[in-house]
Amino acid sequence: MPIDPVVRARLGSVTADVPLHVALQDVTAGYRMPEVKIEETAIDGPRGPIRIRLYRPAGATSPRAGLLWLHGGGWARGDLDMPEAHVVAAELAARPGAVVASAEYRLAAETSRYPVPLDDVHAAWRWFTGAAAELGADPRRLAIGGCSAGGNLAAGAAARARDEADTLPSALLLAYPFLHFPVPAPPGGLIDDLGSLPERLRFTAETVLSLTHAYVGRVSGIPAHAMPGNGAVGGLPRTFIVLSEIDELRPSGELFARQLRECGIPVETMTARGLPHGHLNLAPVDALPEIRRSIDFLGSALA
């Protein structure tokens, strides 16, 4: 389907300095966060403290599912306050009633390329599995997930846990993930809609090349944990993948789902109709029902 008309009407406001969620502030201004308990802590990581923001449903109940959640931002940007971190974590804590830990990994830079961000995520996963019972989460129901580059790191951490005989996540929750280099070409029917997007929302071949180089430091001999779709996927947990329909990274998520199915791993996907990459940076308001549907889908993995 074509780009969502509410989004299309505001694409002209999206620039290198103005992200989509800012351009749509007039639409999302009425959003109210669910009532959840939020607190911050820091854990020891291999290169210093790692900031963690915890989200828990109000009211004490029996142990719940747990989720370690990771924001996106092309490995080089992003933080715990961006909507796809803060809003999604709160919604997933409130809807299925989960304990969500949002982790702020070190961003990729000249001195912190791969495996630095993944090392932080792996350390956060080890902490989360060890602290689950104390946090009120069921140690048998601990998932890991994230958006875009955060989805890459979640899948990479799950593959590392598998390979190092650590606790394997009960599920993998990925939103418009970046899992392959090179990224498979988009289908022909998507080309025209992609061409109408501003540069900030595009993942052209040059952009994919640049982001990969910024994260890994090279574009050859890429380690399997850096691009999980390029490595073996057997032994990964059941997986839930949210795709953005108008997104050059959509083929990466679709191919990963196919790879998992070929290995006999249960996988479910949903596509947010008419929306570009990063759509979970938009609040789930009535004018954007696909945002709510995406969060409901991820929540179903934790129910």
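Residues numbered from 1 in each chain as written. Predicted model: local features only at pLDDT ≥ 70, side-chain atom pairs only at ≥ 80, totals over all residues. Heavy atoms only, no water.

Engineer: Any chance you could explain unusual backbone geometry here in plain terms?
Structural biologist: For residues that are not glycine, phi is negative in most cases, and the peptide bond is trans in most cases. The linkage connecting Y114 with the following residue, P115, adopts the cis geometry, with an omega of 10°. When you line up the elements, P115 lands in the loop between strand 4 (99–104) and helix 5 (116–135). Across the junction of F181 and P182, the peptide omega takes the value -5°, indicating a cis bond. Locating P182 in the fold gives a position in the loop between strand 6 (172–175) and helix 7 (191–195). Positive phi, close to 60°, is recorded for A165, a residue that is not glycine. Within the secondary structure, A165 sits in the loop between helix 6 (149–163) and strand 6. The backbone of Y176 shows a phi angle near 35°, a positive value even though the residue is not glycine. By secondary structure assignment, the location of Y176 is in the loop between strand 6 and helix 7. Assessed through its relative accessible area of 1%, Y176 is described here as buried. (Helix = DSSP H or I, 4+ residues; strand = E, 2+ residues; numbered from the N terminus. Buried < 20%, exposed > 50% of the residue type's maximum accessible area, 1.4 Å probe, protein only.)

Engineer: Just to check I follow, could you spell out the environment of T271 for this structure?
Structural biologist: Secondary-structure assignment places T271 in strand 8 (residues 267–276). Look at T271 and you get partly exposed, because its relative accessible area is 25%. Distance in space between the C-alpha atoms of T271 and I43 is 35 Å, their sequence separation being 228 residues. Apart from residues lying up to four places away in sequence, T271 is in contact with L243, S244, E245, E290 and R293. (Contact = heavy atoms within 4.5 Å.)

Engineer: Can you help me understand the packing of helix 5 against helix 6 in this one?
Structural biologist: For any two helices packed against each other, the geometry comes down to the angle between their axes and how far apart the axes lie. The geometry of helix 5 relative to helix 6 is characterised by a closest axis approach of 9 Å and an angle of 65° between their N-to-C directions. Note on packing geometry: the crossing formed by helix 5 with helix 6 is right-handed. Where helix 5 approaches helix 6, its residues P117, L118, D119, V121, H122 and W125 are matched on the opposing element by L153, G156, A157, R160 and A161. Residues that form the contact of helix 5 with helix 6 fall into these classes: seven nonpolar, two polar and two charged. (Axes fitted to C-alpha atoms, helices over the stretch in contact; angles between N-to-C directions. Left-handed = near helix turned anticlockwise from the far one by under 90°. Nonpolar A, V, L, I, M, F, W, Y, C, P; charged D, E, K, R; others polar.)

Engineer: How should I be thinking about helix 8 (residues 205–216) in this particular structure?
Structural biologist: Since the α-helix packs 3.6 residues into each turn, any two residues three or four apart lie on the same face. An ideal rise of 1.5 Å per residue puts 16 Å on 12 residues; helix 8 measures up with 16 Å between its terminal C-alpha atoms. Along helix 8, the residues classified as buried are V208, L211, T212, Y215 and V216. For helix 8, the buried positions fall inside an angular range of 110° around the axis, keeping them on one side. Phi turns positive one or two residues past the end of helix 8, at G217, with a value near 90°. (Expected span 1.5 Å × (residues − 1). Arc of directions from axis to C-beta.)

Engineer: What exactly am I supposed to notice about the nonpolar core here?
Structural biologist: Across soluble globular proteins, nonpolar side chains show a tendency to be buried alongside one another. W75, I144, Y215 and F256 are the most contacted members of the largest nonpolar core, which totals 57 residues. Of all the elements, helix 5 adds the most residues to this core, at nine residues. Among the nonpolar cores identified, the runner-up in size contains 49 residues, and W69, A171, L190 and L282 belong to it. (Core = buried A, V, L, I, M, F, W, Y, C linked by side-chain atoms within 4.5 Å.)

Engineer: Explain the layout of surface pockets here, please?
Structural biologist: Gaps between atoms show up when a probe of the same size as a water molecule is rolled over them. Its volume calculated, the largest pocket comes out at about 640 Å³. In this structure, the largest pocket is lined by 23 residues; those nearest its centre are G73, R77, R200, F203 and H277. For the lining of the largest pocket, a count of residues per class yields eight nonpolar, 10 polar and five charged. (1 Å grid on protein atoms, 1.4 Å probe; cavity = no way out; pocket = protein on both sides within 12 Å on 5 of 7 lines; lining within 4 Å. Points joined across faces, edges and corners; volume = space filled by probe spheres on them.)

Engineer: What is the right way to look at the sheet that holds strand 5 (residues 137–147) in this model?
Structural biologist: In a beta sheet, neighbouring strands pair by backbone hydrogen bonds and run either parallel or antiparallel. The strand order across the open sheet built from eight strands is 1-2-4-3-5-6-7-8, with neighbouring strands paired in mixed fashion. The open sheet has two edge strands, strand 1 (36–45) and strand 8, and neither has a second partner. Across the sheet, the axes of successive neighbouring strands diverge by a mean angle of 20°, strand direction being ignored. Strand direction decides the pairing type here: strand 3 (residues 64–70) and strand 4, joined by five bridges, are parallel. Among the inter-strand pairings, L70 is bridged to a residue of strand 4, identified as A103. On the sheet, helix 9 (residues 250–262) packs against strand 6, strand 7 (239–246) and strand 8 and is oriented at approximately 150° with respect to strand 7. (Pairing = 2+ DSSP bridges.)

Engineer: Whenever I open this one, the side chain of H122 confuses me. Can you help?
Structural biologist: Among the secondary structure elements, H122 is positioned in helix 5. A polar contact of 3.4 Å, which involves the side chain of H122, links it to the side chain of R160. Non-local contacts of H122, meaning those with residues more than four positions away in its chain, are made with R160, E164 and D166. (Polar contact = N/O pair within 3.5 Å; in protein donor to acceptor, adjacent residues only side chain to side chain.)

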